[in-house]
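Per-entry structural report
Here is how the chains run, residue by residue.
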Amino acid sequence: MIEKHIVLEDIDPIAFYGIKNSHFQILKALFPKLRIVARGNVIKVLGEDEETTRFEENVEQMRQHILKYNTISEEDILDIINGHKTKADSVKGVVVYSISGRAIKGRSENQQRLIDLYDRNDMVFAEGPAGTGKTYLSIALAVRALKEKTAKKIILSRPAVEAGEKLGFLPGDMKDKIDPYLQPLYDALEDMIPAQKLQEMMDKRIIQIAPLAFMRGRTLSDAVVILDEAQNTTPAQIRMFLTRMGWNTKMIITGDLTQIDLPRGQRSGLSEALDLLRDVEGIGFVTMEKKDIVRHKLVTRIVNAYERADRQTILKSKDNNNNESID
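Some details on the pattern of salt bridges
If you walk through the whole model with that rule in mind, you get 12 salt bridges. Of the charged contacts, one joins glutamate 51 and arginine 54 as a salt bridge, the two residues approaching to 3.6 Å between their closest N and O atoms. In this pair, glutamate 51 and arginine 54 are both assigned in helix H3 (residues 49-69), 3 residues apart and thus about one turn of the helix distant. Under the relative-accessibility criterion, arginine 54 is labelled partly exposed at 34%. Two residues, arginine 267 and aspartate 275, come together in a salt bridge whose shortest N-O distance is 2.5 Å. Taking relative accessible area as the criterion, arginine 267 reaches 38% and is therefore assigned partly exposed. Here the residues in one salt-bridge network are Asp10, Lys197, Glu200 and Lys204, joined through shared partners.

Below is the structure:
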């Protein structure tokens, strides 16, 4: 008889044990010759050497499954113990899985192009309208890099452009003031990483979320770095950001040139960067379109309505200018 202690590293123990320990009860039933006791993320198993070794191997396979898919079902447990492939293993083209086990992957031609460009380049620009999955898919790629250990950290940033409210008049300390600008980044992360694990990663600064101004003076190495809402950077800001790039780092820059909140007359840093860097080797570019919108179907209709209104405004402006010239 031997005793082994198995530590469930890097996963949520609740996902492993199941609701009301349902998964754990299945494990115990499938290994009746072993005495199995669990305390937190440690499982103590007592039994014959061959049986305890088989149990340990199955637990590790379950741990790897949860690490990859964020969840495990009773059917998956039975497949693993019986030596079969799980259903999730047959899904192709997945970047990562959400905490509910939903496959996150390219759902349109341009979304897949973003994934392919990321795999082939160290820097990618993704420009296009709201709802095309630019930010969400970029964060999924960063989470995948962390899981696969091709990056040691994720750094997410946004320019804190004031739109209607002044930062100084918002309640709370500086973190409270800037968090509303960064909330979309938190939302995406919370959909892909269990809450407890996410908080731990943020406490250890494995995942860092900060406004663009906090990037100055840093060299960002061994990381996936994402700049979101880049249309609201000035040329000086985006230049500063792009030159933070260090060794073994990938950057994704996302933005929508139709939603610039900069003061009138101020050129967008994203617009300038797209013009200047278009032919630079090692940088990929993808332009998302209305057909790539993956939010509610109404989002596409809303985008279309605003585009029609913008075209009418431009035409009226031209007509007025022509009339003034005639006068």
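Describing the packing of aromatic side chains
Throughout the structure, instances matching the rule amount to 5 aromatic pairs. With centroids separated by 5.5 Å and ring planes inclined at 85 degrees, the aromatic side chains of phenylalanine 16 and tyrosine 17 adopt a geometry described as edge-to-face. Judged by relative accessible area, phenylalanine 16 falls into the buried class, the value being 0%. Residue tyrosine 17 is classed as buried on the basis of its relative accessible area, which comes to 9%. Over the ring of tyrosine 118 we find lysine 250; its NZ or CZ atom is 4.5 Å from the centre of that ring. Cation over ring: arginine 278 sits above phenylalanine 285, and NZ or CZ is 4.4 Å from the ring centre.

Focus: the confidence of the model for the protein chain
The predicted structure's coordinates, where accompanied by low pLDDT, should not be read in detail. Here the protein chain averages 86 in pLDDT, and 89% of its residues register 70 or above. When mean pLDDT is compared element by element in the protein chain, strand E6 (residues 123-127) scores highest at 97, while helix H11 (residues 297-326) scores lowest at 72. This model gives residues 162-167 a pLDDT under 50, and the stretch forms 6 contacts once residues within four places in sequence are excluded.

Considerations on the environment of threonine 219
Within the secondary structure, threonine 219 is located in the loop between strand E8 (207-211) and strand E9 (223-227). Sequence separation of threonine 219 and tryptophan 247 is 28 residues, and the distance between their C-alpha atoms is 8.9 Å. The residues contacting threonine 219, other than those within four sequence positions of it, are Arg244 and Gly246.

Quick notes on a nonpolar patch on the surface
A surface patch of nonpolar side chains, about 330 Å² in accessible area, is lined by Leu298, Ile302 and Tyr306. Within the element layout of this structure, tyrosine 306 appears in helix H11. Overall, tyrosine 306 belongs to the exposed group, its relative accessible area being 58%.

Overview of the packing of H3 against helix H4 (residues 74-81)
The N-to-C vectors of H3 and H4 enclose an angle of 135 degrees; their axes lie 10 Å apart at closest approach. By the angle between their directions, the pair H3 and H4 is classed as oblique. Like other packed secondary-structure pairs, H3 and H4 cross with a definite hand, here right-handed. Where H3 approaches H4, its residues Arg54, Asn58, Gln61, Met62 and His65 are matched on the opposing element by Asp76, Ile77, Ile80 and Ile81. Residue composition of the contact of H3 with H4, by class: 4 nonpolar, 3 polar and 2 charged.

What to know about the layout of surface pockets
There is about 480 Å³ of room inside the second largest pocket. Lining the second largest pocket we find 20 residues, and of these Asp10, Leu67, Leu146, Lys197 and Met201 sit closest to its centre. Mapped onto the lining of the second largest pocket, the elements with two or more residues apiece are H3, helix H6 (134-147) and helix H8 (195-203). Classifying every residue of the lining of the second largest pocket by side-chain character gives 11 nonpolar, 1 polar and 8 charged.

So, the pairing of strand E4 (residues 94-97)
The pairing of E4 with strand E5 (residues 103-105) spans 3 bridges and is classified as antiparallel. Its bridge partner lying in E5, valine 96 is registered against isoleucine 104. Between E4 and the antiparallel strand that follows it, E5, lie 5 residues; glycine 101 among them carries a positive phi value of about 90 degrees.

With respect to the sheet that holds strand E1 (residues 2-7)
An order of E1-E3-E2 is seen for the 3 strands of this open sheet, with the pairing classed as antiparallel. Edge positions in the sheet fall to E1 and strand E2 (35-39), since each of these pairs with one other strand and no more. Direction aside, the axes of adjacent strands within the sheet are offset by 15 degrees on average. Relative to strand E3 (residues 42-47), E2 runs antiparallel, the two being bridged by 5 bridges.

Quick look at the pairing of E6
Taking burial as the measure, the 5 residues of E6 include 5 buried ones, the bulk of the element. Taken together, the 5 bridges between E6 and strand E10 (residues 250-255) define a ladder with parallel strand orientation. Bridging across to E10, alanine 126 finds its partner in threonine 254.

Conventions we followed
One numbering rule holds for all chains: residues counted from 1, following each sequence as written. Under the rules for a predicted model, residues below a pLDDT of 70 receive no local features and side-chain atom pairs below 80 are neither given nor counted, while totals for whole chains, interfaces and linings still include all residues. Excluded from the side-chain calculations are hydrogens and water; all other atoms, namely the structure's heavy atoms, are used. Any Lys or Arg side-chain nitrogen found within 4 Å of a carboxyl oxygen on Asp or Glu counts as a salt bridge. A run of H or I in DSSP counts as a helix once it spans at least four residues, and a run of E counts as a strand once it spans at least two, with each numbered from the N terminus. Relative accessibility thresholds used throughout: buried, under 20% of the residue-type maximum; exposed, over 50%; partly exposed, between the two (1.4 Å probe, protein chains only). Whether two aromatic rings pair depends on their centres lying within 6.5 Å, for rings of Phe, Tyr and Trp, where Trp uses its six-membered ring; planes under 30 degrees apart make the pair stacked, over 60 edge-to-face, and the rest tilted. Any Lys NZ or Arg CZ that is within 6 Å of a ring centre and within 35 degrees of that ring's normal is treated as a charge sitting over the ring. Per residue, pLDDT captures the predictor's confidence, and it can take any value from 0 to 100. Should any heavy atoms of two residues lie within 4.5 Å, those residues are considered in contact. Patch membership requires over 30% relative accessible area and the absence of a salt bridge. Like charges are linked within 9 Å, and nonpolar side chains (Val, Leu, Ile, Met, Phe, Trp, Tyr) within 5 Å. Note that accessible areas follow from Shrake-Rupley with a 1.4 Å probe, and for residues the cover is restricted to the protein chains shown. In this description, a line fitted to the C-alpha atoms serves as the axis of each element, helices being fitted only across the stretch in contact, and the angle between N-to-C directions of two axes falls anywhere from 0 to 180 degrees. Each angle gets one of four labels, with under 35 degrees taken as roughly parallel, over 145 as roughly antiparallel, 65 to 115 as roughly perpendicular, and the rest as oblique. Note on convention: the crossing is left-handed when the near helix lies turned anticlockwise from the far helix by less than a right angle, right-handed when the turn is clockwise. As a working rule, the residues Ala, Val, Leu, Ile, Met, Phe, Trp, Tyr, Cys and Pro are called nonpolar, Asp, Glu, Lys and Arg charged, and the rest polar, with Gly in that last group. Cavities and pockets were defined on a 1 Å grid built over protein atoms only: a cavity is a set of grid points that admits a 1.4 Å probe from which the probe cannot escape, a pocket is an open set flanked by protein on both sides within 12 Å along at least five of seven lines, and lining residues are those with an atom within 4 Å of any such point. Grid points are joined across faces, edges and corners, and a volume is the space filled by probe spheres set on the points. Strand pairing requires that DSSP identify at least two bridges connecting the strands.

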